[in-house]
Structures are given as structure tokens and as C-alpha cells.
Amino acid sequence: MMGGSKSKESIQPVQGLSEQNSLSVIPIFRTSLRDSYTLNRPTTLKLKKSSMCSVDSNILDSRGFYFLRKSGSLLTNSLEFRDDAGNVVASLEKKTSCSISIAWVMLGSSPGPIVASLYHKYRGRGSIVNIFIHNPPLPAEIIDDVDRDPDIVVSGDISGNHYTFLLGKRSLAQVYHQSEGRGPQVFLDPSLNMYTLEIGPNVDIAFIAICASAVDLLQLRSTLSLIDNCLYCVSSLNPVPTDDEEDLDEHLKSPEQPE
């Protein structure tokens with residue numbers, strides 16, 4: 001009880017961005033029932049954790065209405081996201097690079113133009129994910145190791161579904177269990193294996209939902225990987241800050257983005 005109470009008190013509303021500095025990554029299809037994925041108010045979504053048995057599920061809004069349909073396979077390291085009109089808005093494909101797992105967010109079906117790369121460094125519950133946004137989108141053949149600071153850093157208790165998407169010091173979005181947060185108390189049955197994604201104003205809700213799904217898949221794959229767990233154990237014996245941890249420190253020290 002004490003742990004749950006502490007978690008509840010630690011959750012603060014996300015900041016999001018100003019309208020002038022809005023983040024828009026995923027385009028809207030003309031046949032979609034929505035006008036934009038970037039809203040001027042906070043948005044709450046419900047997502048179901050991926051499992052060894054299935055990664056397919058509906059991403060729902062706080063009322064329980066369908067927002068995006070997620071389908072794919074844990075074995076092929078791929079996901080596909082369809083909007084309310086059945087359009088494939090984006091797909092995800094995981095690449096392996098030694099001790100780092102990389103996922104590409106592509107527009108439409110795979111292979112498509114890449115709008116973001118996620119670099120996942122497995123550290124157990126304290127894993128780190130760096131997100132690099134590609135504007136304009138890039139073809140897969142020219143994507144290489146990203147030699148710049150990440151646009152967004154994901155940090156926190158990823159395995160426990162309690163983490164934050166950070167742009168500098170600004171919180172764009174956060175993941176937590178509904179019983180720890182605010183808003184309508186829906187989907188509280190633990191057997192549903194759901195978690196809450198809260199997205200701040202003027203932040204692309206489809207993009208963040210896709211990234212949260214990618215983080216979930218990457219963490220699950222690493223948790224099941226003997227190699228990733230061995231590398232994590234070896235690094236724990238010699239706790240020297242990695243480049244990713246140093247990048248996170250620098251990211252948190254960077255000036256706060258203008259509102």
C-alpha cells in the first residue's frame with residue numbers, strides 16, 4: 001500500500017508544448033474521422049502490454065473508444081498501426097545492432113519512409129530509449145547511426161510501465177498504471193494488462209502512442225533475450241556510465257524548451 005501511495009503522489013501532469021512549438025510527425029489521412037493528431041489539450045490513451053502470445057490490440061481513448069489498431073508479431077519484430085478508417089498510418093520494424101536494439105517508425109506499410117529511429121539500451125527496469133525524429137522522412141537505405149543528440153529521451157521504470165518522454169526538461173508524455181494516476185478509473189482489472197499513456201497539449205498523440213508501443217515491444221524482446229540479459233549483468237558488475245546514461249544526464253541539464 002505504501003508503495004502504491006508513493007507512486008500516486010509522484011505523478012504530475014505532463015507539460016506538453018505550446019501551439020507555436022507543436023510536435024507533429026504522423027500525417028492525417030483524408031478519410032480519417034480526425035482533423036489532426038496534435039491537440040491543444042492533454043490526451044489520455046489506454047494501451048495493452050505486448051506479450052509472448054500476442055501483440056495485437058486496440059489503442060483506446062479514456063472513454064474506451066477505438067483510436068488506433070495495433071497488429072504485428074513478436075517473432076518478426078514488427079508492428080502495424082491502422083486508424084479509425086482502416087488506413088495504415090505507420091509501421092514499426094526492429095533492427096538489431098550488438099547491445100542496442102533499434103526500431104524504425106515508418107509512414108504507411110513497411111518498407112516506407114522513416115520518420116523516427118528509436119535506440120533502446122537494455123538496463124533491466126531502468127532501460128533508456130533515445131528517439132531521433134527525421135524531418136524530412138528518410139529512406140531506409142540511407143539511415144545510419146545517428147550522430148547527434150536525441151530529440152526525445154524515454155526514461156524511468158520501463159518494465160513497470162512508469163516512465164516519461166522528455167524533450168530537454170519538458171515532459172511531453174508519461175506512462176503509468178491507471179490506479180496511480182488521475183482521470184476516469186477505467187480498465188482497472190489487472191488481468192487486462194493495460195497501462196495509461198498521458199500526452200501533453202500540442203504533442204502528436206499518434207506518434208507518441210506508436211513510440212510507447214515500440215518501447216513496450218523493445219523492452220519485452222530484451223527481457224526475453226539471453227544475450228541482452230548477459231550484457232546487462234556484465235555491465236552491472238562494472239557500473240561505468242554508458243554513453244546513453246551520459247546523454248540522458250546532458251539531456252536533463254539542457255535548457256528547458258520555450259513554451
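Residues numbered from 1 in each chain as written. Predicted model: local features only at pLDDT ≥ 70, side-chain atom pairs only at ≥ 80, totals over all residues. Heavy atoms only, no water.

1. Here's the deal with the overall build of the protein chain
- Across its full length, the protein chain carries 4 helices and 12 strands.
- The 259 residues of the protein chain split such that 47% are buried.
- Summarising the internal contacts of the protein chain: among those between residues at least 6 apart in sequence, 53% fall at separations of at least 24.
- Surface summary for the protein chain: the accessible area is close to 12,800 Å², and the carbon and sulfur share equals 54%. (Helix = DSSP H or I, 4+ residues; strand = E, 2+ residues; numbered from the N terminus. Buried < 20%, exposed > 50% of the residue type's maximum accessible area, 1.4 Å probe, protein only. Contact = heavy atoms within 4.5 Å. Areas by Shrake-Rupley, 256 points an atom, 1.4 Å probe, with all protein chains shown as cover.)

2. Some words on the nonpolar core
- Ranked by size, the top nonpolar core spans 52 residues in total, and within it I26, L118, I131, F165, L197 and F207 carry the most contacts.
- In this structure, I102, W104, Y119 and F132 belong to the second largest nonpolar core, which totals 7 residues. (Core = buried A, V, L, I, M, F, W, Y, C linked by side-chain atoms within 4.5 Å.)

3. So, the confidence of the model for the protein chain
- For the protein chain, per-residue confidence averages 80 on the pLDDT scale, and 74% of positions sit at 70 or higher.
- Per-residue pLDDT stays below 50 along residues 183-191; that stretch engages in 15 contacts with residues further than four places along the chain or on separate chains. (pLDDT = per-residue confidence, 0-100.)

4. As for the packing of aromatic side chains
- All told, the structure shown has 3 aromatic pairs when counted by the stated rule.
- Plain terms: the ring middles of Y37 and F67 are 6.0 Å apart, the flat faces sit at 90° to each other, and that makes the pair edge-to-face. Taken together, the positions of Y37 in the loop between α1 (2-10) and β1 (43-48) and F67 in strand β3 (residues 66-73) put the pair 30 residues apart, joining distant regions of the chain.
- Relative accessible area serves as the criterion here: at 2%, Y37 is assigned to the buried category. (Phe/Tyr/Trp six-rings, centres within 6.5 Å; stacked < 30°, edge-to-face > 60°.)

5. Quick word on the pattern of salt bridges
- Applying the stated criterion across every chain, the model contains 4 salt bridges.
- Put simply, D216 and K49 hold a salt bridge, and the shortest N to O gap is 3.4 Å. Here K49 lies in the loop between β1 and β2 (57-61) and D216 lies in helix α2 (residues 205-224), a separation of 167 residues in the sequence.
- Here D151 ties to R148 by a salt bridge, and the two come within 2.9 Å at their closest N and O atoms.
- Of the residues examined, R148 reaches a relative accessible area of 36% and is grouped as partly exposed. (Salt bridge = Lys/Arg side-chain N within 4 Å of Asp/Glu carboxyl O.)

6. Here we look at the pairing of β1
- Looking at chain direction, β1 and strand β12 (residues 194-199) are connected through 6 bridges and run antiparallel. Counted as the bridge partner of K48 is M194 from β12.
- Direction of pairing for β1 relative to β2: antiparallel, over a ladder of 2 bridges. Within β2, the residue paired with K46 across the bridge is L60. (Pairing = 2+ DSSP bridges.)

7. What about the side chain of D61?
- You can see D61 is positioned in strand β2.
- With relative accessibility at 10%, the residue D61 sits in the buried group.
- Of the polar contacts made by the side chain of D61, one reaches the side chain of R63; its length is 2.9 Å.
- With near-sequence residues (within four places) excluded, D61 lies in contact with T44, L45 and K46. (Polar contact = N/O pair within 3.5 Å; in protein donor to acceptor, adjacent residues only side chain to side chain.)

8. Considering α2
- With 20 residues, α2 should reach 28 Å at 1.5 Å per residue; the first-to-last C-alpha distance of 29 Å fits that figure.
- Here α2 lies mainly inside the structure; 17 of its 20 residues are buried.
- Of the residues that open α2, the one with a side-chain oxygen 3.1 Å from the backbone nitrogen of A206 is D204. (Expected span 1.5 Å × (residues − 1).)

9. What about the pairing of β2?
- Burial analysis of β2 places 4 of its 5 residues in the buried class, the great majority of the element.
- Bridging between β2 and β3 involves 4 bridges; their strand directions are antiparallel. Residue pairing in the sheet places S57 in a bridge with K70 of β3.
- Connecting the antiparallel pair β2 and β3 is a turn made up of 4 residues, with G64 showing a positive phi of about 95°.

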